[in-house]
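Structural features, examined
In case you want the letters, here they are:
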Amino acid sequence: MSIDYQEQIPNNVDLHEDRRLQRALESWQPSFLGWWQTMGPTLPTEDVYLRTAVNVGREGWAHFGHVAMKDYRWGIFLAERDGERKIAFGQHKGEPAWQKVPGEYRSDLRRLIVIQGDTEPASVEQQRNLGATAPSLYDLRNLFQVNVEEGRHLWAMVYLLHAYFGRDGREEAEALLKRNSGSEDAPRILGAFNEETPDWLSFFMFTYFTDRDGKYQLGTLKESAFDPLSRTCEFMLKEESHHMFVGTTGIDRIVERTAQLMVEHDTDDAGPHGAIPLATIQKYINFHYTVSLDLFGGEQSTNVANYFTAGIKGRWMEERRKDDHRLLDDSAVVDTVEDGQVASVEVPALLGLNSDLRAEYVADCENGLKRWNTVLEDAGLPQRLVIPHRAFNRKVGVFAGLHATPDGTVVSKQDWEAQVGTWLPTDADKAHVRSLMQPVYERGKIASWIAPPRNGINGKPFDYDYVHLV
Ligand SMILES: [Fe+2]
Ligand SMILES: [Fe+2]
């Protein structure tokens, strides 16, 4: 399963054997490059120390080297095929996985692929100006690594659209480059992907909370009976783990620096000393966590029940679940609102699958909080960061329209609005964060508001020349 880099489009799917498909993708390629030039990273660079996939196997799948970003070899890489693979859940459980799209599931599958595909270029668009304010060359390199890989994830979805969905697939592939994050006329499909990522605190929060939603969505598609989708997502998940590493360690390092300055100046508010105040970090967590929860959709969903029964979207770690994988007789407890208060209700398990996935995600998010609180504890500080109650600040699902505080207490709209500035970033908070965002492009140097990383990339030191600017 090594990757052919002689081809115009690097791939491990024997693209040269299907001339029609190859031509279709080669004619989409200039549109993609045009999009990258106009909507991709704005900071001019000579080259960047990037990893490129060279194999999809377990060992040594990536090659690292300095490349000009516009010459990055975006390609089509699917995880290895298991010829024996059987469908693990739903009404087709036990049947061989599909190598083609069954007619009856065609539009649902296309929809799921388009929604996933739409998020990938969206995040590149959201992050395009961050290079101008990078806290170090190491961080700048990580930003660009995330960007090129999100671009590759777009390729991954466009390959599926072109290869399996004929003409409407090609039209969807075009449309993925026409919608833009935050656009008035043609916005990205999901709300969180139209939010701004104006500063590096937002970037790290995005890669921690929103990319992590992506991890869970990809995890459910990896279970899909449609084998090419499953194999595509499996390899994307491998790349995705670095994005989450960037978020997790980015916030680690911010908390570390803030804690250091709090101790040094014996103060709760390290803002005047060149740090991001802990209270501001908490507000950013509150914001990014709650907009990411919205990405999981409603607590109950018949669509998702149908996807599961059809076999097109499974649960997180489907094969490790100890049940019959059909769920016809099972029930689940999900959130609801009763008499204006947070409550719960028992529903058929199939209807509660969004809640099931969200619960897995929430448990994963809590690990980050533990890490960051350990940093505070190690600094001898009593303060702790928390994730807010799931009813707080929601726009999707049963809690939309409810006015709940971060601890889950329902209050009046007036009370909520009077206090929202203590829970979510205010203009003043954002302005302070932005004032700290001064670029540091000198090798081995770092901005005031973040600690250096413990290790560099691929065994290189922190002061390595990760990026050559123009
Ligand atoms: Fe992605
Ligand atoms: Fe990602």
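Below is a short write-up of the structure.

Reading guide: rules and limits
- Throughout this description, residue numbers start from 1 for each chain and increase along the sequence as written.
- As a convention, the first chain written is A and the first ligand written is 1, with the rest following in written order.
- With pLDDT at 70 or above as the cut-off, local features in this predicted model cover only qualifying residues; side-chain atom pairs require 80 or more to be listed or tallied, and sums for whole chains, interfaces and linings still use all residues.
- Orientation is described by lines fitted to C-alpha atoms, with helices fitted over the stretch in contact, and by angles between N-to-C directions that extend from 0 to 180 degrees.
- Helix numbers and strand numbers start at the N terminus; a helix is a DSSP run of H or I with at least 4 residues, a strand a run of E with at least 2.
- To sort the angles, those under 35 degrees are grouped as roughly parallel, those over 145 as roughly antiparallel, those from 65 to 115 as roughly perpendicular, and the leftovers as oblique.
- A pair of residues counts as a contact when their C-beta atoms, built from backbone coordinates, are within 7 Å of each other.
- Classification used: nonpolar for Ala, Val, Leu, Ile, Met, Phe, Trp, Tyr, Cys and Pro, charged for Asp, Glu, Lys and Arg, polar for all others including Gly.
- Given a helix with a known number of residues, its expected span is that number minus one, times 1.5 Å.
- Residue burial is a threshold on neighbouring C-beta atoms within 10 Å of the residue's own C-beta, all placed from the backbone, with 20 or more meaning buried, 12 or fewer meaning exposed, and counts in between meaning partly exposed.
- Each crossing gets its handedness from the near helix: less than a right angle anticlockwise from the far helix is left-handed, clockwise is right-handed.
- Following DSSP output, two strands are said to pair if at least two bridges run between them.
- Arc definition: it is the arc formed by the directions from the helix axis to the C-beta atoms.
- Think of a nonpolar core as buried Ala, Val, Leu, Ile, Met, Phe, Trp, Tyr and Cys residues, each tied to the set through C-beta atoms within 7 Å.

**Side note on the packing of helix H3 (residues 137-164) against helix H6 (residues 227-264)**
- Where H3 contacts H6, the axes come no closer than 10 Å and their chain directions differ by 170 degrees. Between H3 and H6, the angle is such that the two are roughly antiparallel. Packed against H3, whose contacting residues are Asn142, Gln145, Val146, Glu149, His153, Ala156, Leu160 and Tyr164, the element H6 presents Pro228, Leu229, Thr232, Met236, Glu239, His242, His243 and Val246 at the interface.
- Per-class residue counts for the contact of H3 with H6 are eight nonpolar, six polar and two charged.

**A short note on H3**
- With 28 residues, H3 should cover 40 Å at 1.5 Å per step; its first-to-last C-alpha distance of 41 Å lies within 8% of that length.
- For H3, the buried fraction is high: 28 of the 28 residues fall into the buried class.
- Where H3 ends, the next residue or the one after it, Gly166, has phi of about 55 degrees, a positive value.

**As for the packing of helix H2 (residues 106-126) against H3**
- Closest axis-to-axis distance for the H2/H3 pair is 8 Å, and the angle between their directions is 155 degrees. With respect to each other, H2 and H3 are oriented roughly antiparallel. Relative to H3, H2 is oriented so that their crossing is left-handed. Contact with H2, carried on its side by Ile113, Gln116, Gly117, Glu120, Pro121, Ser123 and Val124, involves Asn147, Glu150, Gly151, His153, Leu154, Met157, Val158, Leu160 and Leu161 of H3 and no other residues of that element.

**What about the pairing of strand E1 (residues 45-53)?**
- Strand direction decides the pairing type here: E1 and strand E5 (residues 467-469), joined by three bridges, are antiparallel. Residue pairing for E5: Asp47 is matched across the bridge by His468.
- Judged from the six bridges that link them, E1 and strand E2 (residues 62-67) form a sheet pairing that is antiparallel. Following the sheet pairing, Thr52 is matched in E2 by His63.

**Regarding helix H4 (residues 166-178)**
- Compared with the 18 Å implied by 1.5 Å per residue over 13 residues, the 19 Å span of H4 between its first and last C-alpha is a close match.
- Within the sequence span of H4, burial applies to Gly169, Glu172, Ala173 and Leu176. Buried positions in H4, seen along its axis, are confined to an arc of 105 degrees and lie on one side of it. Looking at H4, the residues exposed on the side facing more than 90 degrees away from the buried face are Arg167, Glu171, Glu174 and Lys178.
- At its buried positions, H4 is contacted by helix H1 (19-39), H2 and H3.

**Here's the deal with the sheet that holds E1**
- The strand order E2-E1-E5 describes an open sheet built from three strands, whose pairing is antiparallel. Either end of the sheet is taken by a strand with one partner, and the two such strands are E2 and E5. Each strand axis lies, on average, 15 degrees off the axis of its neighbour in the sheet, ignoring direction.
- Where H3 meets the sheet, it contacts E1 and E5, and its direction lies at approximately 55 degrees from that of E1.

**Remarks on the nonpolar core**
- Counting residues in each nonpolar core, the largest one holds 110 residues, and the members touching the most others are Val158 and Ile254.
- Core analysis: the second largest hydrophobic core is formed by six residues, Ala391, Val398, Leu402 and Ala404 among them.

**A word on the environment of Val291**
- Turning to its location among the elements, Val291 is positioned in helix H7 (residues 278-294).
- Look at Val291 and you get buried, because 23 C-beta atoms sit within 10 Å.
- Along the chain, Val291 and Asn458 lie 167 residues apart, while their C-alpha atoms are 33 Å from each other.

Fair warning: the whole summary comes from geometry, so function is off the table for now.
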